[in-house]
Amino acid sequence: NAGVTQTPKFQVLKTGQSMTLQCAQDMNHEYMSWYRQDPGMGLRLIHYSVGAGITDQGEVPNGYNVSRSTTEDFPLRLLSAAPSQTSVYFCASSSKRGGYNEQFFGPGTRLTVL
Amino acid sequence: AQSVTQLGSHVSVSEGALVLLRCNYSSSVPPYLFWYVQYPNQGLQLLLKYTTGATLVKGINGFEAEFKKSETSFHLTKPSAHMSDAAEYFCAVSLPSSGSARQLTFGSGTQLTVLP
């Protein structure tokens, strides 16, 4: 099992550009989430999904879009990048089977917006 | 809404000394509690969790934490620090009622430095 994979690992964008951060998991997990990590602020939830075709907003959704067409993939789209979106982005997944299960995190994507 | 406070953004201990990382939470109902560790340039790894049952939970790498409802705390301890414990540690909380959402609320993190 590869677990949770994220691409790219690093990305530099100019203000106004768009891009998609990819996230995939091979554990057949129902739940997937996107977090951003900023110094001194921990991780904050951007968007999450409880299954294919179902998404919802987290704490800081503005400027980001998501979709979940398959169980495996949960891409995060930046429509018009802004310097305030410079951050490290983590994708996570977990299973709903057997009560509360841990969230598995990907290695992260470090994004810089100039 | 729930929240998490980690006291001390940076903690330094000597190798072999006790590690104590503090976490307090605010929640209207008994929450699920977690500690995650993040090594440099890596994702987060679960150290331990409390959901129900025994309030003293043991995790990986010799860490443990105790859920104290009266103090709304979930402090992380390890009797003897090792150089390999140097990392950032995050406390997180989730409400059982969040059910299918499995949303985690994180503290701001504590950077642990282990001195030789």
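Whatever comes next refers back to the structure up there.
Thresholds applied
Throughout this document, residue positions are counted from 1 along each chain, in the order its sequence is written. Chains and ligands are labelled sequentially in the order written, the chains with letters from A and the ligands with numbers from 1. In keeping with the model being predicted, local features are shown solely for residues with a pLDDT of at least 70 and side-chain atom pairs are shown and tallied solely at 80 or more, while totals for entire chains, interfaces and linings include all residues. To get the side-chain values, take all heavy atoms of the structure and skip hydrogens and water. Under the scheme used here, helices are H or I runs from DSSP no shorter than 4 residues and strands are E runs no shorter than 2 residues, and both carry numbers assigned from the N terminus. The reference for a compact globule is 2.2 Å times residues^0.38; the radius of gyration itself is calculated from the C-alpha atoms. For the exposure calls, accessible area comes from a 1.4 Å probe over protein chains only, and a residue counts as buried if that area is under 20% of its type's maximum, exposed if over 50%, partly exposed in between. In what follows, residue pairs with any heavy atoms lying within 4.5 Å of each other are defined as contacts. What makes a salt bridge here is a side-chain nitrogen of Lys or Arg within 4 Å of a carboxyl oxygen of Asp or Glu, nothing more. Buried Ala, Val, Leu, Ile, Met, Phe, Trp, Tyr and Cys residues that are joined via side-chain atoms within 4.5 Å together make up what is termed a nonpolar core. Within this scheme a cavity is a closed region of a 1 Å grid, computed over the protein atoms alone, that accommodates a 1.4 Å probe without allowing it to escape, whereas a pocket is open but has protein on both sides within 12 Å along at least five of seven lines; lining residues each have an atom within 4 Å of a point. Grid points are joined across faces, edges and corners, and a volume is the space filled by probe spheres set on the points. Residue polarity follows a fixed list, in which Ala, Val, Leu, Ile, Met, Phe, Trp, Tyr, Cys and Pro are nonpolar, Asp, Glu, Lys and Arg are charged, and the others, Gly among them, are polar. Stacked, tilted and edge-to-face are the three classes assigned to paired rings of Phe, Tyr and Trp, where Trp is represented by its six-membered ring and a pair needs centres within 6.5 Å; plane angles under 30 degrees give stacked, over 60 edge-to-face, the rest tilted.

A. Main features of the overall build of chain A. The number of helices and strands found in chain A is zero helices and eleven strands. Ordered by position from N to C terminus, the α and β elements of chain A give β-β-β-β-β-β-β-β-β-β-β. At 13 Å, chain A has a C-alpha radius of gyration in line with the 13 Å of a compact globule built from 114 residues. Reported as C-alpha extents along the three principal axes, the dimensions of chain A are approximately 45 × 30 × 25 Å. Per-residue burial for chain A yields a buried fraction of 49% across its 114 residues. A separation of at least 24 residues holds for 54% of the contacts in chain A among residues at least 6 apart in sequence.

B. Focus on the pattern of salt bridges. By the definition in use, this model includes four salt bridges over all chains. Note that A:D38 and A:R44 form a salt bridge whose closest N and O atoms lie 2.8 Å from each other. An identical accessibility class is assigned to A:D38 and A:R44; each is buried. In this structure, B:K78 engages B:D85 in a salt bridge whose closest nitrogen and oxygen atoms are separated by 2.8 Å. Considered together, B:K78 and B:D85 belong to a single accessibility category, that of buried residues. If you follow the salt bridges from partner to partner, you end up with A:R36, A:D38 and A:R44 in one network.

C. Summary view of the nonpolar core. Counting 27 residues, the largest nonpolar core has B:W35, B:L48, B:F74, B:L76 and B:Y89 as the members making the most contacts within it. Breaking this core down by element, the ones donating at least two residues are β2 (10-14), β3 (19-26), β4 (32-38), β5 (44-50), β7 (64-68), β8 (73-78), β9 (87-94) and β11 (110-115) of chain B. Dropping the residues within four chain positions of it, B:F74 is found in contact with B:C23, B:L33, B:F34, B:W35, B:L48, B:K49, B:Y50, B:V57, B:A65, B:E66 and B:F67. A:L13, A:C23, A:M32 and A:L76 belong to the second-largest nonpolar core, a separate cluster that totals 20 residues.

D. Seen up close, the layout of surface pockets. Estimates place the volume of the largest pocket at around 410 Å³. The wall of the largest pocket is formed by 24 residues, among which A:Q37, A:V88, A:R110, B:Q38 and B:N41 lie closest to the centre. Elements with a minimum of two residues in the lining of the largest pocket: β4 (31-38), β9 (87-94) and β11 (109-113) of chain A together with β9 of chain B. Looking at which element gives the most residues to the lining of the largest pocket, the answer is β9(B), with three residues. Of the residues in the lining of the largest pocket, the class split is ten nonpolar, ten polar and four charged. In this structure, the second largest pocket occupies an estimated 150 Å³ of space. Along its surface, the second largest pocket is lined by A:E102, A:Q103, A:F104, A:F105, B:V37, B:Q38, B:Y39, B:Q42, B:G43, B:L44, B:Q45 and B:L46. Elements with a minimum of two residues in the lining of the second largest pocket: β10 (104-105) of chain A together with β4 and β5 of chain B. The element contributing the most residues to the lining of the second largest pocket is β5(B), with three residues.

E. Up close: the packing of aromatic side chains. Applying the stated rule across the entire model yields eleven aromatic pairs over all chains. With 5.6 Å between their ring centres and 90° between their planes, A:Y35 and B:F106 make a pair best called edge-to-face. Of this pair, A:Y35 sits in strand β4 while B:F106 is found in strand β10 (residues 105-106), placing the two residues in two different chains. A relative accessible area of 0% places A:Y35 in the buried class.

F. Quick look at the environment of A:S18. All names here are of chain A. The topology assignment puts S18 in the loop between β2 (10-13) and β3 (19-25). Sequence separation of S18 and R77 is 59 residues, and the distance between their C-alpha atoms is 7.4 Å. Excluding its chain neighbours within four sequence positions, the residues that come into contact with S18 are L78 and L79.

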